[in-house]
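One letter stands for each residue in the lines below.
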Amino acid sequence: MTNQQKISRRRLLSTAGAAGAAGLAAGGAGGALGYATAGNATPLTAVGHTAVPFHGTHQAGITTPAQARGHIVALDLAPGAGRTAAAALLPRWSAAAEAMTAGRVPSGDDQIALDAGPCSLTVTFGFGSTFFPKVGLADQAPAPLVPMPTFPSDAISPKQSGGDVWIQIGADDPLVAFHALRMLQKQASGAARVRWQMNGFNRTPGAAARPMTVRNLMGQIEGTNNPIPADTDFATKIFVPDKSGSEAWMNGGSYAVVRRIRMLLDPWDDLTEAEQDQVIGRRKSNGAPLSAPVSTGTETTPVDLDKVTPDMSLAIPGDAHIRVAAAQSNAGATILRRTFSYHDGYDPEGVPDAGLLFICWQADPATGFIQIQLKLDGGDHLTRFIRHESSAIFAVPGGVQPGEYVGQRLLEA
């Protein structure tokens, strides 16, 4: 064995996603053909073992760190399917999701991910504004579930927007994520059909020895200054306050704004790195705000919007993304961003159809995303290099306890 082979072997064995020694030894024969050698079972890695509880005060997939693979899908109730059909579908979905997130086999399993652990799988369910009149519960529609305004720079496709029911799936293994998507789609047969689906990705756990904040497809750090549960006002900004009466079914819930944002990567890549820094307001190299000293600034250095340069110009330009999007620029509006990148190939001119599946969470879209986007649209330099192509808002009810199903408090009111 050469030194290079020894080094490669040690590195592989040290990562969370690496196979065990027996699996590596067998991989030369069985792995090349796409199947495992009998009698050389490899134990699940730390990534495979990780499970996120389905039950709780809030649904999983909101504060859960974004996984390596994601699917978001909206469905419309089938013609004639009303409250009875929905009240039969949601228990099936909840039971399947609870089983799969725990690493168990759901009813009617197709064995796509039979040999995998839960891999941090989360399944999150929400309802669009069109859901309520279709199930005879128009009076139960929550007031914050407002129509999304039309923004001047939008290029929204109606076919990839809206929907009666929404599902967000995340997992650290692509087969586990697809398996969950496929099982839920099959269980919806006769009750609901897919309106649109989008697929995304992030860095795979174990791919970096020292995990850093994920970068998006523009190369920018994605998620800096995101609120965290330890913040004193986190719950009031992100989760719906408990209520009584017709909206009590949303207690513990949140509102998801979903936007498919195409990045115009070719024009972006024509900019120099210094020009890109001016658009964002941060240094691409390490995420430090332009208001921070070059020698000591880091991604976590607080942003100083009042800082000026020696020539008395703003250190962070007036139209820089982080300035226009800052909470202090938007009356304190706060959202929890939880995103996936996507790449759907190339258009006929060879331009990449790639960007961000932008999902953000807030207690009220009107005082969250909508308030921020009203200022961003046209006022943010980044607007010239992105295009919002789909849009939706969903009411995501609170979590459930064992024996309950998501939406039960609404559908059985």
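From a predicted model like this one, the values you see are computed outputs, not experimental measurements. (Residues numbered from 1 in each chain as written. Predicted model: local features only at pLDDT ≥ 70, side-chain atom pairs only at ≥ 80, totals over all residues. Heavy atoms only, no water.)

A.B. asks: How would you summarise the overall build of the chain if you had to cite specific residues and measurements?
C.D. replies: The number of helices and strands found in the chain is 12 helices and nine strands. Counting across all 413 residues of the chain, residues that qualify as buried make up 48%. Across the chain, every contact between residues at least 6 apart in sequence was considered, and the portion connecting residues at least 24 apart equals 76%. Just so you have it, the chain exposes about 19,200 Å², and 56% of that area is on carbon and sulfur atoms. (Helix = DSSP H or I, 4+ residues; strand = E, 2+ residues; numbered from the N terminus. Buried < 20%, exposed > 50% of the residue type's maximum accessible area, 1.4 Å probe, protein only. Contact = heavy atoms within 4.5 Å. Areas by Shrake-Rupley, 256 points an atom, 1.4 Å probe, with all protein chains shown as cover.)

A.B. asks: Explain the packing of helix α4 (residues 83–101) against helix α6 (residues 174–187) to me, using residue names and the numbers behind them.
C.D. replies: With their axes 10 Å apart at the nearest point, α4 and α6 run at an angle of 160° to one another. If you check the angle between α4 and α6, you find them roughly antiparallel. Handedness of the α4/α6 crossing: right-handed. Within the contact between the two elements, α4 uses Leu89, Arg92, Trp93, Ala96 and Met100 and α6 uses His179, Ala180, Met183, Leu184 and Gln187. (Axes fitted to C-alpha atoms, helices over the stretch in contact; angles between N-to-C directions. Parallel < 35°, antiparallel > 145°, perpendicular 65-115°, else oblique. Left-handed = near helix turned anticlockwise from the far one by under 90°.)

A.B. asks: Break down the pairing of strand β7 (residues 340–346) for me, with residues and values.
C.D. replies: For β7 and strand β8 (residues 352–362), the ladder comprises five bridges, and the chain directions are antiparallel. When the bridges of β8 are listed, Phe340 appears paired with Leu357. Counting the residues that bridge the hairpin from β7 to β8 gives five residues, and of these Gly350 lies at a positive phi of roughly 85°. (Pairing = 2+ DSSP bridges.)

A.B. asks: A description of the pattern of salt bridges should follow, citing residues and the corresponding values.
C.D. replies: Pairs may arise between side chains of opposite charge once their charged atoms sit close together. Per the counting criterion, the structure on display carries 13 salt bridges. Ionic pairing is found between Glu98 and Arg104, a salt bridge with its closest N-O pair at 2.6 Å. On the accessibility criterion, Arg104 (44% relative accessible area) is partly exposed. Bridged by salt links that share partners, the residues Arg260, Arg262, Asp344, Asp347, Asp353, Arg387 and Glu389 form one connected network. (Salt bridge = Lys/Arg side-chain N within 4 Å of Asp/Glu carboxyl O.)

A.B. asks: Help me get a handle on a nonpolar patch on the surface, residues and values and all.
C.D. replies: Taken together, the side chains of Val308, Met312 and Leu314 present a nonpolar region at the surface, about 280 Å² in accessible area. Following the sequence through the fold, Met312 ends up in the loop between α9 (273–280) and α10 (321–325). Owing to a relative accessible area of 63%, Met312 belongs among the exposed residues under this scheme. (Patch = residues over 30% accessible without salt bridge, like charges linked within 9 Å, V, L, I, M, F, W, Y side chains within 5 Å.)

A.B. asks: Kindly report on α9, identifying the contributing residues and their values.
C.D. replies: Taken residue by residue, α9 has Gln276, Asp277, Val279 and Ile280 as its buried positions. Summarising the axial view, the buried residues of α9 lie within an arc of 160°, below the 170-degree limit, and thus occupy one face. Among the structural elements, α8 (265–269) and α10 are those in contact with the buried residues of α9. (Arc of directions from axis to C-beta.)

A.B. asks: Run through α4, naming residues and quoting values.
C.D. replies: Its 19 residues place the ends of α4 27 Å apart at the C-alpha level, agreeing with the 27 Å of an ideal helix rising 1.5 Å per residue. What α4 keeps buried is the set Ala86, Leu89, Leu90, Trp93, Ser94, Ala96, Ala97, Ala99, Met100 and Thr101. Just downstream of α4 lies Gly103, where phi reads positive at about 85°. (Expected span 1.5 Å × (residues − 1).)

A.B. asks: For the pairing of strand β5 (residues 254–263), give the residues involved together with the corresponding values.
C.D. replies: When you tally the buried positions in β5, you get 10 out of 10 residues, the bulk of the element. Of the two faces of β5, the one lined by Ser254, Ala256, Val258, Arg260 and Arg262 and the one lined by Tyr255, Val257, Arg259, Ile261 and Met263 are each fully buried. Pairing of β5 with strand β9 (residues 386–396) involves 10 bridges; the strand directions are antiparallel. Bridge assignment links Met263 to a residue of β9, and that residue is Ile386.

A.B. asks: Outline the packing of aromatic side chains, listing residues and values.
C.D. replies: Within this structure, the stated rule accounts for 11 aromatic pairs. Summarising the aromatic geometry, the rings of Phe131 and Phe132 are spaced 5.7 Å apart at their centres and angled 85° between planes, so their arrangement reads as edge-to-face. Here Phe131 matches Phe132 in class, with each residue buried. When the centroid spacing of 5.4 Å and the interplanar angle of 75° are considered together, the rings of Trp268 and Phe385 count as edge-to-face. With Trp268 in helix α8 and Phe385 in the loop between α11 (369–379) and β9, the pair connects residues that are 117 residues apart, well separated along the chain. Each of the two residues, Trp268 as well as Phe385, counts as buried. Three or more aromatic residues joined by ring pairs make a cluster, and in this case those are Phe127, Phe131, Phe132 and Trp249. (Phe/Tyr/Trp six-rings, centres within 6.5 Å; stacked < 30°, edge-to-face > 60°.)

A.B. asks: Which residues make up the nonpolar core, and what values do they have?
C.D. replies: Ranked by size, the top nonpolar core spans 77 residues in total, and within it Trp93, Phe125, Phe131, Ile167, Ile169 and Leu184 carry the most contacts. Counting residues per element, this core draws most heavily on α4, at seven residues. Leave out the neighbours within four places in its chain, and Ile167 touches His71, Ile72, Val73, Leu75, Trp93, Val123, Thr124, Phe125 and Leu184. Formed by 20 residues, the second largest nonpolar core is a distinct cluster that contains Ile62, Ile72, Trp166 and Phe394. (Core = buried A, V, L, I, M, F, W, Y, C linked by side-chain atoms within 4.5 Å.)

A.B. asks: If you had to explain the confidence of the model for the chain to someone new, which residues and values would you point to?
C.D. replies: Looking at the chain, the pLDDT average stands at 89 and 88% of residues meet or exceed 70. Here residues 1–42 is a poorly scored stretch, pLDDT under 50, and it has 26 contacts once near neighbours within four places are set aside; other chains count. (pLDDT = per-residue confidence, 0-100.)

A.B. asks: Lay out the side chain of Thr122 with the relevant residues and their values.
C.D. replies: With respect to the element layout, Thr122 can be found in strand β2 (residues 122–127). Here Gln67 takes part through its side chain, which lies 2.9 Å from a polar atom of the side chain of Thr122. Not counting chain neighbours up to four residues away, the residues in contact with Thr122 comprise Val52, Ala60, Gly61, Thr64, Gln67, Thr101, Gln168, Ile169, Gly170 and Arg338. (Polar contact = N/O pair within 3.5 Å; in protein donor to acceptor, adjacent residues only side chain to side chain.)

A.B. asks: Tell me about the side chain of Asn330, and please be specific about residues and values.
C.D. replies: Structurally, Asn330 can be placed in the loop between α10 and β6 (336–337). Residue Asn330 is classed as buried on the basis of its relative accessible area of 4%. From its side chain, Asn330 meets the backbone oxygen of Val324 in a polar contact 2.8 Å long. Look past the residues within four positions of Asn330 in its chain and what remains in contact with it is Val324, Ala325, Gln371, Ile372 and Lys375.

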